[in-house]
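Below are the chains, spelled out letter by letter.
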Amino acid sequence: MATVRHLSSCFILRILVLVVYFNPSLPYVLKNCTIRYQENPTADISLDCANRKIENVPKDIPKDAVAMNLNNNWMKKINKEDFLGMSKLIILDLTSNQIACVDQGSFIDLIFLKTLYIGNNKLNDLISNMFQGLSNLTGLFLNNNGIQVIHRRAFQFLISLQTLDLGNNRLQQITNIQPILQLPQIKMLGLKCNGFSSFETKDLLLNQSSSLKELDISGDLLKVFSITTPIFPYLRRIEFSMCLYYKDLQWDIPEKWLLRNISHLYLERPILSLEGITKVLKSLDSLKHLRLNALKMRVYEGLLSTICKIPTLRKLDLFNCHIDNLPVKLALCSQLTELDMRKSDIGELPQGSLQSMKQLRSLNISDNQLIKVPHDIRSLSSLEIFNLNYNYISGLTCEDFVNTTHLRALYLKRNRISQVDECVFLNLENLKVLDLSFNQLMTFENNLALPKVEILNVNHNDIAFLKMLDFLGFQSLKQLDLGTAFWDGMTQRSSHKVNKLENIIPSHETIWELKHLENLTIEFNPQKPFSSLQSNYSRDIVYLKAMKRFTMICNIFCFPYQLTDILWTMRYLENFTAKKVFIEAPRADMFQFNPYLKSVTFAETDFSDVDPELFLPILNLESLDLSNCNISTLDFLVQANLSALRYLKMTENELFTITETVFNSLPSLTYLDLDNNPFICNCSNAGFIQWVKNNKQTQVVNAHRYKCSLPVDKRESLLLDFDVQSCRDDGGFLYFISSTCLVVLTLLTSFIYHFLRWHLTYTFHLFLAYLYDIQRRKKGEPHQFDAFVSYNVHDEDWVYREMLPVLEGQQGWRLCLHHRDFQPGKPIMENITDAIYGSRKTICVISRHYLQSEWCSREIQMASFRLFDEKKDVLILLFLEEIPSHHLSPYYRIRKLVKKLTYLSWHQAAQNPGVFWQSVHRALQTEDALTENMDLLTGPRGYKPTDFDTVKKFLMTVTPAEKFTAINIYGDPPDGRTFKLTPQLKSLTLVKTDFLTIKHKMFLPIPNLQTLDLSESEIKSLDFLLLANVSALRYLKLTDNDISVVNETVFQSLPSLTYLDLTNNPFTCECLNAGFIQWVKNNKQTQVFSAHQYVCSFPVSKRGTFLLDFDVKSCWDDGSFLYFIFSTCLVVLTLLTSFIYNFLRWHLTYTFHLLRAFLYDTRKRKNVSPHQFDAFVSYNVHDEDWVYREMLPVLEGQQGWRLCLHHRDFQPGKPIIENITDAIYGSRKTICVISRHYLQSEWCSREIQMASFRLFDEQKDVLILLFLEEIPAHHLSPYYRMRKLVKKRTYLSWPQAAQHPGVFWQNVQRALQPGLPAFPSSPPSPNELRSIAIATGCHGRRDTASASEHLPLSCCRKAGREERKARRQQSSLREDGNNLFTQESVASALSIVGVQVVTPTPTNNHRDRHQLCCRRNCCLCRVEDLNCVLIYMIVSLTFKKSLLSKDC
């Protein structure tokens, strides 16, 4: 009890500590682990840290993981803090490490751990408290360690342990397992291959019996197995197996009742003698399952008879037992229900060997040598599972399964079946699983009917043509796996592309359906031309509405249209996979009928030009795998609308840079795998690197292992180690930003100067007024004047004649007049500001001249600002003449004031001037409170608009009404529901209504409207008519409004308009109305009433002129606009120049020199000047030593070529690029000596680009690529030109020729020659070669000269001369009528490959008769036979292979 209380208290304490310790934040950039992707987003976290060369348990792993795999690493010790806080862990795998020590309490926090794998390590001792805290552990696997000692308290905390595997250790004492057997829940114990010499229960001193049910024990030293005490009352299974040596085990169980519950006995290898096994079998009264593995059954001839006499036996396994003639004895085992005889070398089961097993339900005779189905199968009517995999059955007969009516699963994989007739499976009405894969089927009969089959596999056969109709007899089919050369899923559909099934299918086509098919896998293995198969197309359609998973794999090539045509039948498809099916990205409409797709995989498909619209129909996509698809950018994902995507795999593509903003369009992404991409470690990836490190949602799998491919100096370094801080100090980028800001500022300044300079001036002075007002308030100065009079000079006579005598003379007010009181020399704007803020009020004497005056405008604007700022009645408006309200429209400030303030009208008071001046007197005496008791221009307000609801109710009572008129009724426009009940309305008049905020919705309920009058309604624009839906409108009257600009496109929405009246509107005579003026003059349908009398109101200079007299042609000659366009183009050009200079100047330089090279080449062709050199050698200065040491001695010294080297032959003082151009075009060929240094060199890049341009231009073989070192293909990806050349042209590799440099230089020599001789397409036969040797007089001769015997130097010189002579004559091999080469032709051909036949003065010594001079260091190359030379010459030139020995 004390122990239990102690455990409980420790458990509660651990829980409390973990609650405090637990950190819910989850790091998504794990250096050594990967969070496994789960289809269920709410699933628990599982970590995969296997195969990472980890030496310690990672510290950055999430603490709430439930499973963790750390197998196959380099860990040597488990520390106490390694798993601290991981209380949710359920499964922990530490297999295959080097763990030799585990600290006490290392697992103390793993309170919910269920399974612990720690096998295949180096543990020697299991110390006390090693497994403390694992009170819920049920499975512990400690196999394959070196455990010798188990402390008696090692397992005391494992109170829930059920399975323990201690196999393959070094335990020697049986007493070591005594604490294990005392565990309360122990069920299975594995002690395989330990050092026990005996297993005797008398040595186990247990206080109570064990709960053990399964025991696996063996060992090379094990001699005795004895159970003499009743400590295993629940033991059901015993397994004996051999380790290394055969040993006879002594079985000592004197009392049968001690084994009364043993029902399973497994024996592996002959560890018991025949007598021993017989004794054991007879002592087991409850045996149900017997397994004999790898026993030589011919040795135990009487064993089967003993086995078959066990009445309780139901299952018999005879694995690897090599049964030969003994199957007949199986007939005695009539009680069996399951029989397994796999891998037993059975060639035949004779008739009668199984016939007696009437209760047999499962039979497995796979992996044998059967050539036909055993005859006895016909009598096994109870058989349910039959496995014939991996045999040699060539055919099935109609009688094979005639009586097996209860058969549910039939496995015929890996046989030689070529045909299946309909009658074979005729009686298998209950069959659910049928596997015919990996056979030799040529066809699949479409008349097969197995209505209950759920799983069918006919993959990996020789079937040339399959169609969906072939499987209509499988109406219960759920999973179908097939392989074929051509697949017809549904035909003749391309012309029916609509979204509903019933609309797709023409009436003359037949509809079929496989209602239950959920999983379909098709593997294409094309073997014959498709043209002969397409004629088999049917007009039948098979609908697959239950399809969830569809997989297509193409091993050679496929026709993608087949895939597109079948997908439309899978409306509810969720998982789609296509491997090597498409050559290029599929069509954008591929998934238009599959909106429920959740997972899509394309493998080995060219997605370089994928259309983002491909993914638009699949909004629910959660998983996308595009591995090895030649993708170079992720930008297509921005427009793909994959908001639900959680899993994205893009491994093995061509991604160099990643734009991190792409992931903003993937809000649900949690798993991203970009492994094996050639990333560039420069600032273009800085944003992506920052995103990987900082984002808290998406796990970038193995991000810490991503390596750089470029630049070369950072190759193989880690992407995340790149210093992104250096990108912030990029001078070129800062210069670009600075210049961009400068030109944008210039552009903005130009725009403001041309269009907004007066607005800015006004704003500036308003700001000065604001400061002046604040300063004045602080000083508290009294007002100097009672009022400042703002008037125009044209009205000065009225001011002096009418105003001053009354206001100053009679009423005694102190007025401020600009001509009298403004301070001379002071800026006008400051005088205005002082006058307004130095007076209590401001009187604005408004006339038409006042409205046109710029300074008067400034004055009233300043006064209105003071009105707005002080919230006082400081402004008095005095109108000298009647000005219609629409004439005030352009003067926004005055119009707004007139609407809100009471004003005085001199024109209305002409008959009673005394009343007028008394009103002015009262206005000057009033307090600061604002009043609004007067109407705008017409007098006092006394009118309240009628309530909208009242009008609506009235209209309801008069429906149907056709004409409605309202004059001075509405204060605001009626809403869209006013005329909802009067759709028949044809005439509508709304006069004197405020329509400033009119909406088109008001007219939608009255589509039949023909007449519309909206006069005197303050309308400013006709744009509301665009959406008003008044297509029947014929009469439109909009007189006396505020319309200054008319958009002529409005009338396109009024197709029936014949009468238009826009009289008394303040039109603007500017280019804004040019379109309207042209429409008025040119339209042939609508009469514009009194259009020739429309008068301009703006601008002031054109006021009073006629609208139609405005010259619209001047709109195209707007100087200000042209200036703006010119300055805009200038600054954009400056911006573009800055960008090009910072980022593209080298590309432009290169283009310029390519143009010069083209001109140079054109000029050279005209001059037809001979080449100065045979070859120009392009190399990097780091490779100069190799050029001088290896290349020049051979190509110039031995072969006599004229080479051009930049350090030697370039003209001093001449531009480098000109020297390069002259060298390339002055040489017949160009040799590029390529190394990693070469790829990094800028000038070398220019040279190969120039040479490749010449190659493209002349279409001649002028470029020779020579690689000094092995450079992987993916490292050439950034060097587009180089990669393209390597893909298309044969190149030479110095590392591969290290063993045969002579062959290497001969290949270079052939490449430098102007033309090669023509050779036969195949090498001659041995007889022909012998004839060649006889013709040359050299057959059977051997050159036995030693390596030290050199030919004279003249010999080699002669050989060189002869070779050049032969090349100039363009000699070639010739065959005579008897397929024999002449001696001269062979000698000429040999000279081309660097071998010269020299015939010296005849001597008596046959060894000197024919000598070979090989032009390598001018020495004699010893060749065993002239035939070898001939073979070398022909094969090397025809097939590019070398047959020379190392000596040459």
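The structure under discussion appears in the preceding block.
Residues numbered from 1 in each chain as written. Predicted model: local features only at pLDDT ≥ 70, side-chain atom pairs only at ≥ 80, totals over all residues. Heavy atoms only, no water.

## A word on the overall build of the protein
From N to C terminus, the protein includes 30 helices and 62 strands. Going through the 1448 residues of the protein one by one, you find that 49% of them count as buried. Taking as baseline every contact in the protein between residues at least 6 positions apart, the subset at least 24 positions apart corresponds to 64%. A total accessible area of about 70000 Å² is found for the protein, and carbon and sulfur atoms account for 52% of it. (Helix = DSSP H or I, 4+ residues; strand = E, 2+ residues; numbered from the N terminus. Buried < 20%, exposed > 50% of the residue type's maximum accessible area, 1.4 Å probe, protein only. Contact = heavy atoms within 4.5 Å. Areas by Shrake-Rupley, 256 points an atom, 1.4 Å probe, with all protein chains shown as cover.)

## Focus on the state of the cysteines
Tallied over the entire structure, the rule returns 6 disulfides. Two residues, Cys398 and Cys423, share a disulfide whose sulfurs are 1.6 Å apart. Here Cys398, found in the loop between strand E23 (385–387) and strand E24 (409–411), pairs with Cys423, found in the loop between E24 and strand E25 (433–435); they are 25 residues apart in sequence, far enough to count as distant. The exposure class of Cys398 is partly exposed, given its relative accessible area of 32%. Lacking any disulfide linkage, Cys1232 is separated from the closest cysteine sulfur, that of Cys1244, by 8.6 Å. (Disulfide = S-S within 2.5 Å.)

## A short note on the packing of aromatic side chains
Within the structure shown, the criterion is met by 45 aromatic pairs. Centroid distance Tyr117 to Phe141: 4.8 Å. Interplanar angle 10 degrees. Geometry classified as stacked. Taken together, the residues span a long stretch of sequence, with Tyr117 in strand E7 (residues 115–117) and Phe141 in strand E9 (residues 139–141) at a distance of 24 residues. Overall, the relative accessible area of 30% leaves Tyr117 in the partly exposed class. Ring geometry for Phe1003 against Phe1024: centres 5.9 Å apart, planes inclined by 25 degrees, an arrangement best described as stacked. With Phe1003 in the loop between strand E48 (987–991) and strand E49 (1011–1013) and Phe1024 in the loop between E49 and strand E50 (1035–1037), the pair connects residues that are 21 residues apart, well separated along the chain. Like Phe1003, the residue Phe1024 is buried in the burial classification. Grouping aromatic residues by their ring pairs yields a cluster made of Phe550, Phe576, Phe582, Phe591, Phe602 and Phe607. Above the plane of the ring of Tyr266 lies Arg291, whose end atom (NZ or CZ) is 4.3 Å from the centre. (Phe/Tyr/Trp six-rings, centres within 6.5 Å; stacked < 30°, edge-to-face > 60°. Lys NZ or Arg CZ within 6 Å of the ring centre and 35° of its normal.)

## Description of the sheet that holds strand E13 (residues 198–200)
Strands sit in the order E13-E15-E17 across an open sheet of 3 strands; the sheet is parallel. At either end of the open sheet lies a strand with only one pairing partner, and these are E13 and strand E17 (250–252). Along the sheet, successive strands turn relative to each other by an average axial angle of 10 degrees, direction set aside. Where strand E15 (residues 224–226) lies against E17, 3 bridges are found, and the strand directions are parallel. Bridged to Val224 within E17 is Gln250. (Pairing = 2+ DSSP bridges. Axes fitted to C-alpha atoms, helices over the stretch in contact; angles between N-to-C directions.)

## Remarks on a nonpolar patch on the surface
On the surface, a cluster of nonpolar side chains totalling about 460 Å² of accessible area is made up of Phe764, Phe767, Leu768, Tyr770 and Leu771. Checked against the element boundaries, Phe764 lands in helix H9 (residues 757–779). Taking relative accessible area as the criterion, Phe764 reaches 44% and is therefore assigned partly exposed. (Patch = residues over 30% accessible without salt bridge, like charges linked within 9 Å, V, L, I, M, F, W, Y side chains within 5 Å. Salt bridge = Lys/Arg side-chain N within 4 Å of Asp/Glu carboxyl O.)

## Quick notes on unusual backbone geometry
Backbone phi values are negative for most residues with the exception of glycine, while trans is the configuration of most peptide bonds. Residues Leu710 and Pro711 are joined by a peptide bond in cis, for which omega reads -10 degrees. The topology assignment puts Pro711 in the loop between strand E41 (708–710) and helix H8 (731–755). Phi at Asp345 takes a positive value of approximately 55 degrees, unusual for a residue other than glycine. Mapped onto the elements of the fold, Asp345 is located in the loop between strand E21 (338–340) and strand E22 (362–364). One non-glycine residue with positive phi stands out, namely Phe438, at about 55 degrees. Considering the arrangement of structural elements, one finds Phe438 in the loop between E25 and strand E26 (455–458).

## So, helix H16 (residues 913–925)
Here H16 is 13 residues long and its end C-alpha atoms lie 18 Å apart, about the 18 Å a rise of 1.5 Å per residue gives. For H16, the complete set of buried residues consists of Phe916, Trp917, Ser919, Val920, Ala923 and Leu924. Buried positions in H16, seen along its axis, are confined to an arc of 150 degrees and lie on one side of it. On the buried face of H16, the contacting elements are strand E42 (785–790), helix H10 (796–810), strand E44 (839–846), strand E45 (875–879) and strand E46 (903–905). (Expected span 1.5 Å × (residues − 1). Arc of directions from axis to C-beta.)

## Quick look at the pattern of salt bridges
Applying the stated rule across the entire model yields 29 salt bridges. Between Arg1236 and Glu1269 there is a salt bridge, and its shortest N-O distance comes to 3.5 Å. Residue Arg1236 is located in helix H23 (residues 1236–1240), and its partner Glu1269 is located in the loop between strand E58 (1263–1267) and helix H25 (1280–1288); the two are separated by 33 residues in the primary sequence. Through salt bridges with shared partners, one network takes in Glu214, Arg237 and Glu239.

## Concerning the pairing of strand E19 (residues 289–293)
The element E19 is extensively covered by neighbouring structure, given that 4 of its 5 residues are classed as buried. Of the pairings in the sheet, the one linking E19 to strand E20 (residues 315–319) comprises 5 bridges and is parallel in character. Bridge pairing in E20 places Asn293 opposite Phe319.

## Some points on a negative patch on the surface
A cluster of acidic side chains, namely Glu584, Asp609, Asp611 and Glu613, defines a negative patch on the protein surface. When you line up the elements, Glu584 lands in the loop between strand E34 (575–579) and strand E35 (599–603). (Lys, Arg positive; Asp, Glu negative; His and termini not counted. Charge placed at Lys NZ, Arg CZ, Asp CG, Glu CD.)

## Some remarks on helix H18 (residues 1074–1082)
Burial in H18 covers these residues: Ala1074, Phe1076, Ile1077, Trp1079 and Val1080. Next to the buried residues of H18 lie strand E51 (1059–1061), strand E52 (1067–1068) and strand E53 (1087–1089).

As far as function goes, none of this settles anything; it's purely spatial.
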